[in-house]
Amino acid sequence: MAEPTAARRGPEPPDLSEKGGNKEGQPQHSNERLFMQFLAFGGCASSTPLAHALDRAKISGVLYEDVNDPRGVGVLTFNEDPDYFIDRVRPVLNGPGFSVLVQKPEYTMLGRTYSIGYEPDLPEVLLHRPRRTVLNPLWKWGVWYPLRRAGKFAQLPPDEQRVILAEHGSIGMSFGAGDYAHDIRLACHGLDKDDNDFVIGLIGKDLYPLSALVQTMRKTQQTSLYLERLGPFFVGRALWQSTDGM
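A.B. asks: I'm lost on the packing of aromatic side chains in this one. Help?
C.D. replies: Here a ring pair, both rings aromatic, is described through the centre-centre distance and the interplanar angle of the planes. All chains considered together, the criterion is met by ten aromatic pairs. Geometrically, the ring pair formed by Y84 and F85 is edge-to-face, given 6.2 Å between the ring centres and 80° between the ring planes. When its relative accessible area of 8% is taken as the criterion, Y84 is described as buried. On the basis of relative accessible area, F85 is assigned to the buried category, the value being 8%. Measuring from centroid to centroid gives 4.4 Å for Y145 and F233, while their planes differ by 20°, and the two rings are stacked. Taken together, the residues span a long stretch of sequence, with Y145 in strand β8 (residues 141-149) and F233 in the loop between β11 (227-230) and β12 (234-241) at a distance of 88 residues. A relative accessible area of 10% means that Y145 is categorised as buried. The class for F233 is partly exposed, based on a relative accessible area of 25%.

A.B. asks: I tried to follow helix α1 (residues 48-56) on my own but got confused; where do I start?
C.D. replies: Think of an α-helix as turning once every 3.6 residues; residues three or four places apart then point the same way. Turning to α1, its buried residues are L50, A51, A53 and L54. All buried residues of α1 lie within an arc of 160° about the axis, which places them on one face of the element. Where the residues of α1 are buried, they touch β4 (61-66), β5 (73-79), α2 (83-93) and β12. Just past α1, the residue K58 takes up positive phi, approximately 55°.

A.B. asks: Honestly, the nonpolar core in this entry has me stumped. Any pointers?
C.D. replies: Generally speaking, a soluble globular protein has its nonpolar side chains buried in company with each other. Counting 24 residues, the largest nonpolar core has M36, F38, Y64, L76, V134 and W144 as its most contacted members. Only β3 (35-42), β4, β5, α3 (122-135), β9 (182-187), β10 (198-204) and β12 provide two or more residues apiece to this core. In contact with F38, other than residues within four places in its own chain, are Y64, G74, V75, L76, Y107, T108, M109, W144 and F234. Counting residues in hydrophobic clusters, the runner-up holds 21 residues, among them C44, A53, V92 and L110.

A.B. asks: Teacher, can you tell me more about the pairing of strand β2 (residues 26-30) here?
C.D. replies: Look at any regular strand and the pattern is simple: side chains alternate between the two faces of the sheet. As paired strands, strand β1 (residues 18-23) and β2 are joined by five bridges and run antiparallel to one another. Opposite K19, over in β2, you have H29 as the bridge partner. A loop of two residues connects β1 with β2, the two strands running antiparallel in sequence, and E24 in this loop sits at a positive phi of about 55°.

Criteria and thresholds
Residues numbered from 1 in each chain as written. Predicted model: local features only at pLDDT ≥ 70, side-chain atom pairs only at ≥ 80, totals over all residues. Heavy atoms only, no water. Phe/Tyr/Trp six-rings, centres within 6.5 Å; stacked < 30°, edge-to-face > 60°. Buried < 20%, exposed > 50% of the residue type's maximum accessible area, 1.4 Å probe, protein only. Helix = DSSP H or I, 4+ residues; strand = E, 2+ residues; numbered from the N terminus. Arc of directions from axis to C-beta. Contact = heavy atoms within 4.5 Å. Core = buried A, V, L, I, M, F, W, Y, C linked by side-chain atoms within 4.5 Å. Pairing = 2+ DSSP bridges.

The following block contains the structure:
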């Protein structure tokens, strides 16, 4: 008599949590992450009314004046719930002041904070540090841009990927240690029309170090060999920053 066939198990759902290093002997897991959206507009003769509109609506974010467009502005908003951009931000952008502006869709960026698996304090990396970075009143300058890696990077062995990313990361940390530049790194996969992989924000008190950081990064293996697309770049100075998160 044939033995009964073992019951087949169905597919297991993936673990979508963010993972950090061990804390007090236990691995860290979190399903919290911060979503950040950047939008740019032209045709703004006066930025101050826009700042007042964002402030009255208690929007969490930053209003930048575009250094490369005398009538350009950029709006960065963020929340842990992506519904926030539809329910809270959208009405403001369709209200007085913003509704007459012309959106620049090439600068639209949307991303989420993520972990790489080694973070000693996961909530700090995912939620708190990005807020503090963009809302620091001493760090007014910002450079925001999207990027897409070439597919051949994903085919590299994990150890080789780590070496390439470590080179990139060590440069960023050295600029941060000198208070020259502080970065925001957001995963973008599937969140924008151009299918970018990441959104990057470089934040600092002066503009030149942000440019110097981009220049230095150009020499890394990741940028010189494994990037398919980079930019466009929005460069601006904060006119208004919300007071939450500080």
